Amino acid sequence: MTTRRTRPAPRPPEGTPPRAELARQARAVLADAVRIAHWAAGTPGPGNAAPLAAHALERAATALELSPAQVRAGWDRARLAGLIELHGDTARPGWRLRAWDRDDSAVLRGWVALFDAWSLVHAAPADIEAGAVAEAVEAVPQVLSLLQLSAGPVTVPALLDLLGQRVAELHEERCEVPLGPGRSAPAVPAETVAAQARTTAGPARSADLNALLLDWALEGLVAVGALTLGKGHATLTPLGNWAVWVKLEQICVAAQSPAGNIEQSAADMLLGCARLTPGPARDEYRAWLAARTVGSAVAELLAVARGEDALLRGLAFEALRVVGAPAEPEVRAVLAEPSLRPYALLWLAEYEGNDPDDAQDVLSREEATWLWVDTAAAVADHGETGLLVRHLDSAVQGTVPALLDEVRAVGHPRTVQVLVALAAAHPDPALAKAVRRAAFQVHTGGA
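Let us look at the structure shown here. (Residues numbered from 1 in each chain as written. Predicted model: local features only at pLDDT ≥ 70, side-chain atom pairs only at ≥ 80, totals over all residues. Heavy atoms only, no water.)

**What about the overall build of the chain?**
Alright, step 1. What the chain contains, in helices and strands, is 23 helices and 5 strands.
Alright, step 2. Scored against the burial criterion, the 447 residues of the chain give a buried share of 41%.
Alright, step 3. Considering only residue pairs separated by 6 or more positions, the chain has 65% of its internal contacts joining residues 24 or more positions apart.
Alright, step 4. Summing over all exposed atoms, the chain offers an accessible surface of approximately 23,600 Å²; the carbon and sulfur share of this is 55%. (Helix = DSSP H or I, 4+ residues; strand = E, 2+ residues; numbered from the N terminus. Buried < 20%, exposed > 50% of the residue type's maximum accessible area, 1.4 Å probe, protein only. Contact = heavy atoms within 4.5 Å. Areas by Shrake-Rupley, 256 points an atom, 1.4 Å probe, with all protein chains shown as cover.)

**Overview of unusual backbone geometry**
A negative phi angle is the norm for most residues apart from glycine, just as the trans form is the norm for most peptide bonds.
Alright, step 1. Even without being a glycine, E65 presents a positive backbone phi close to 55 degrees.
Alright, step 2. Of note, E65 is situated in the loop between α3 (54-64) and α4 (68-80).
Alright, step 3. Overall, E65 belongs to the exposed group, its relative accessible area being 73%.
Alright, step 4. Phi at A151 is positive, roughly 50 degrees, even though this residue is not glycine.

**Some points on the environment of A266**
Alright, step 1. Mapped onto the elements of the fold, A266 is located in helix α13 (residues 266-273).
Alright, step 2. With a relative accessible area of 0%, A266 lands in the buried category.
Alright, step 3. Taking the C-alpha atoms as reference points, A266 and Y285, separated by 19 residues in sequence, lie 9.6 Å from one another.

**Let's talk about the packing of aromatic side chains**
In this description, a pair of aromatic rings is defined by centroid distance and the angle of the planes.
Alright, step 1. Across all of its chains, the model carries 4 aromatic pairs by this definition.
Alright, step 2. Relative to W216, the ring of W118 lies with its centre 4.9 Å away and its plane at 50 degrees, an arrangement referred to as tilted. On the criterion of sequence distance, the pair formed by W118 in helix α7 (residues 118-121) and W216 in helix α11 (residues 203-223) is long-range, its members being 98 residues apart.
Alright, step 3. Its relative accessible area of 5% is what places W118 among the buried residues. (Phe/Tyr/Trp six-rings, centres within 6.5 Å; stacked < 30°, edge-to-face > 60°.)

**Structural notes on the sheet that holds strand β5 (residues 233-236)**
Alright, step 1. The 3 strands lie next to each other as β3-β5-β4, forming an open sheet whose pairing is antiparallel. Of all strands in the sheet, those with a lone pairing partner are β3 (154-155) and β4 (227-230), marking the two edges.
Alright, step 2. Strand direction decides the pairing type here: β4 and β5, joined by 4 bridges, are antiparallel. The partner of L229 across the bridge, within β5, is A234.
Alright, step 3. Against the sheet, helix α8 (residues 130-150) engages β3, β4 and β5, with an angle of about 80 degrees to β5. (Pairing = 2+ DSSP bridges. Axes fitted to C-alpha atoms, helices over the stretch in contact; angles between N-to-C directions.)

**Some thoughts on the pattern of salt bridges**
Alright, step 1. Following the criterion strictly, the structure yields 16 salt bridges and no others.
Alright, step 2. Two residues, E328 and R98, come together in a salt bridge whose shortest N-O distance is 3.0 Å. Residue E328 is located in helix α17 (residues 328-333), and its partner R98 is located in helix α5 (residues 95-98); the two are separated by 230 residues in the primary sequence.
Alright, step 3. The class of E328 is buried, set by a relative accessible area of 3%.
Alright, step 4. Across the pair D374 and R313 runs a salt bridge, and its minimum N-O distance is 2.8 Å. In this pair, D374 sits in helix α19 (residues 365-382) while R313 sits in helix α16 (residues 310-323), placing the two residues 61 residues apart along the sequence.
Alright, step 5. Exposure remark for D374: the relative accessible area of 0% places this residue in the buried category.
Alright, step 6. Given the relative accessible area of 5%, R313 is considered buried.
Alright, step 7. Each of the salt bridges in this network shares a partner with another, and the network as a whole consists of R98, E328, R332 and E352. (Salt bridge = Lys/Arg side-chain N within 4 Å of Asp/Glu carboxyl O.)

**Here we look at the side chain of H412**
Alright, step 1. By secondary structure assignment, the location of H412 is in the loop between α21 (400-410) and α22 (415-425).
Alright, step 2. With a relative accessible area of 5%, H412 lands in the buried category.
Alright, step 3. A distance of 2.9 Å separates a polar side-chain atom of H412 from the backbone nitrogen of R414.
Alright, step 4. Residues within four places of H412 in sequence aside, it is in contact with W370, V373 and D374. (Polar contact = N/O pair within 3.5 Å; in protein donor to acceptor, adjacent residues only side chain to side chain.)

**Considering the pairing of β5**
Alright, step 1. Where β3 and β5 come together, 2 bridges link them in antiparallel fashion. When the sheet's bridge partners are listed, T155 is paired in β5 with H233.
Alright, step 2. From the end of β4 to the start of β5, which pair antiparallel, there are 2 residues, and G232 there has a positive phi angle of about 80 degrees.

**Focus: helix α1 (residues 19-29)**
Alright, step 1. Restricting attention to buried positions, one finds in α1 the residues L22, A23, Q25 and A26. The arc that holds the buried residues of α1, viewed along the axis, is 160 degrees, so those residues lie on one side. (Arc of directions from axis to C-beta.)

**Brief notes about the nonpolar core**
Alright, step 1. If you look at the biggest cluster of nonpolar residues, it comprises 63 residues, and the most contacted ones within it are L83, W111, L147 and W242.
Alright, step 2. Counting 60 residues, the second largest nonpolar core, distinct from the first, contains L289, V323, L345 and L348. (Core = buried A, V, L, I, M, F, W, Y, C linked by side-chain atoms within 4.5 Å.)

**Overview of the environment of V407**
Alright, step 1. Along the chain, V407 turns up in helix α21.
Alright, step 2. V407 sits in the buried class, given a relative accessible area of 2%.
Alright, step 3. Spatially, the C-alpha atoms of V407 and A439 are 9.8 Å apart, while their sequence positions differ by 32 residues.
Alright, step 4. With residues up to four places along the chain from it excluded, the contact list for V407 reads T369, W372, V373, T415 and L419.

Below, the structure written as structure tokens:
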């Protein structure tokens, strides 16, 4: 057995303020966004599109005593930071807004979401090609890393040099390099030749373009509170310094997947965790989640939960427990889906602070019975027969006849298979016969 090498997670930068102070700074950056989010959440029909409707913009500016430009900017920031969610014509408070005054973690998560969206907060100049803008966005993490490692001001020429190097590396990675002497090129379309000629004809223009893109990126990072600009130099703010460290920590966590499932799909990752004990399984979930955006990870886990494998359904919600608060809106949204409702209710009960031992109380009798069948299906497909027999003790009905009556009525698609497997596994012939009879009645639609 080989031992997987792991790299240590980076330590927070020296002099990093306490978490409460970082949250205070984040609240200051998003103060206008929070005001606008509260206004929008309490106002019917603020606008049914991403830009705030003109009439709503005027009403918000008057009510909040802000300029229209400030309202527009705050509205965009509120959406990007997860403070508000649009549902048709209605703006609803996001979970971060509800937790804003009491939960520093929610505040910092909201600010990091804004930090990640800096290129949307500060739009790129309209006359720059989208491809060049995308390259600059891809190169900015290198610029931020240099700023963090320097632990102080860095000159703009040094940042420009790094940006140019990174863009050149991106071109090279895409094989956008000229052929060397003596190498013949394959025939290419005339328009491609013309495009290459235009590219190689203007190296001076490329340097000017990089300078424009660097100015835009630095201004965008200033706009979200991650950077300050001085005369010819840039410095990370405490928030920016902390955010870059968080990103480095996520990379290190992702590199420490104990079972090596980081690059797997959600379904394959969950199957890989099925036989792990709870602690190692949670470590694996965290590593898998750290390598993805929260939104895409939650969506993928819920897609797996909607599948036919009951074991993966339960494990998907275990992984969502590791996600925590950011998954709450999506979990709440699946309450309308019968196959996911019991799992979602239990997840929400624990999220809201109920004791896990008492969480079952939030389920109706029918929902508890449905969950019993679903769990039995997972055991029948993946577990041992003895475990399936012991699963009888977890039924809320208390007696086998009562359980069978309610199982027949609940309508779970795996009811027949579960009852057949239970009858085959149970050592009591009389009970096994009753279970087989119930399976036959469900299969034939009899009473």
